[in-house]
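Per-entry structural report
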Amino acid sequence: KAREVMKKANVPVVPGYEGEITSVSQALEIAKEIGFPVMIKAAAGGGGKGIRIVNEEGEFEHNYNAAKLESKACFSDDRIYIEKFIQKPRHIEFQILADKFGNVIHLGERDCSIQRNHQKMIEESPSVILSDELRKKMGDTAVRAAKAAKYENAGTIEFLLDKDKFYFMEMNTRIQVEHPVTETVTGIDLIKEQIKIADGQPLSYKQKDIKINGHAIECRINAENPLLNFRPSPGVITDLYLPGGNGVRIDSAVYNGYEVTPYYDSMLAKLIVHGENREEAIKKMISALGEVIVEGIDTNVDYLYGILNDSVFQSGHFDVNFIENFNKNIENIA
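Cut-offs and rules
- Residues numbered from 1 in each chain as written.
- Predicted model: local features only at pLDDT ≥ 70, side-chain atom pairs only at ≥ 80, totals over all residues.
- Heavy atoms only, no water.
- Helix = DSSP H or I, 4+ residues; strand = E, 2+ residues; numbered from the N terminus.
- Buried < 20%, exposed > 50% of the residue type's maximum accessible area, 1.4 Å probe, protein only.
- Contact = heavy atoms within 4.5 Å.
- Areas by Shrake-Rupley, 256 points an atom, 1.4 Å probe, with all protein chains shown as cover.
- Lys, Arg positive; Asp, Glu negative; His and termini not counted.
- Charge placed at Lys NZ, Arg CZ, Asp CG, Glu CD.
- Phe/Tyr/Trp six-rings, centres within 6.5 Å; stacked < 30°, edge-to-face > 60°.
- Axes fitted to C-alpha atoms, helices over the stretch in contact; angles between N-to-C directions.
- Left-handed = near helix turned anticlockwise from the far one by under 90°.
- Nonpolar A, V, L, I, M, F, W, Y, C, P; charged D, E, K, R; others polar.

1. Concerning the overall build of the chain
Within the chain, the secondary structure is distributed over 10 helices and 18 strands. Considered along the principal axes of its C-alpha atoms, the chain spans approximately 55 × 45 × 35 Å. Of all 334 residues assigned to the chain, the portion counted as buried reaches 50%. Excluding contacts between residues fewer than 6 apart, the proportion of contacts in the chain whose partners are at least 24 apart in sequence is 65%. Summed over all atoms, the accessible surface of the chain reaches about 16,200 Å², with 47% contributed by carbon and sulfur. The average position of the 40 basic charges and that of the 50 acidic charges among the side chains of the chain differ by 6 Å.

Structure, rendered in structure tokens:
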């Protein structure tokens, strides 16, 4: 339905099929028509759940069934749709604020291309890959998309960027984990603005008021062991130190003695830094990660430290396949 609305609003979408799919044979014919590789996605999906990438016809039926099963388990809805799989995109999203009076603005973009199994690990704003012209074009498109949906709230329009072409992927109708990087570079409290929108107040800002200051990076600190295929690490935190200082922000609820259970998301904290430019932000994040102490459980802190020190990451020339390639050199993070 979201894809249908976007098409009507002249927002580019990834080639695909939005109609009801009732059988694996029908789905396979659709996939052949679109052309492999394709992506099977849960119609009610989110958070990277209910997604399968299929490179060739022989892999299709197994992945179709797996996607439907996961979708049913996660969302109580096994409907799926199929779209073309873009192999080396950047994941770029635009933060939106929209009130009940029809005012819609964007607060710049976040680059969320560092991800594993469609789960974001590191986010930054602004994106080093966007020209001013492309940034304006994508931002204007994001606003148009939100208006087409008659949206009212804080939200995010997510795009896949393939060189200079971009495609609508989905809209997240909520505050996202990575929202602090936008707050950091704009100076705008998104939670405050969301509450004001819910209270029926008009937006406090116009598009011309939005200025991007410097560069922000966020790392998600998780209770997991990257060297053991990211195995979850529940347990009790026996010692904890989280960094602070100028341009360093921590969003977390954990404390010394906190019990990490196996029942929920593995994220322990979000570490956000702000610098005058991307190079300074990277250096500040490396320094901050080096100060983190979490004892009693395994975390991905050393893994994140390895990414921030990686020459490809530092160059800015990467895509959503970065982690897959990075993991091939696992000794870099041991």
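2. Some words on the packing of aromatic side chains
Scanning the model with the defined rule gives 11 aromatic pairs in all. Between F159 and F166, the aromatic rings sit 5.3 Å apart at their centres with planes inclined by 80°, giving edge-to-face as the arrangement. Neither F159 nor F166 differs from the other in exposure class; each is buried. Each ring, one from F230 and one from Y303, has its centre 5.2 Å from the other, and the planes form 80°; the classification is edge-to-face. With F230 in the loop between β11 (224–225) and β12 (231–232) and Y303 in helix α8 (residues 301–308), this pair connects stretches of sequence that are 73 residues apart. A relative accessible area of 7% means that F230 is categorised as buried.

3. Points about the packing of helix α2 (residues 24–34) against helix α3 (residues 60–75)
It is at 10 Å that the axes of α2 and α3 come closest, and there the two elements cross at 115°. Judged by the twist between their axes, the crossing of α2 over α3 is right-handed. Along its contact with α2, which presents V24, A27, L28 and A31, the element α3 presents F60, E61 and Y64. When its residues are assigned to classes, the contact of α2 with α3 shows six nonpolar, no polar and one charged.

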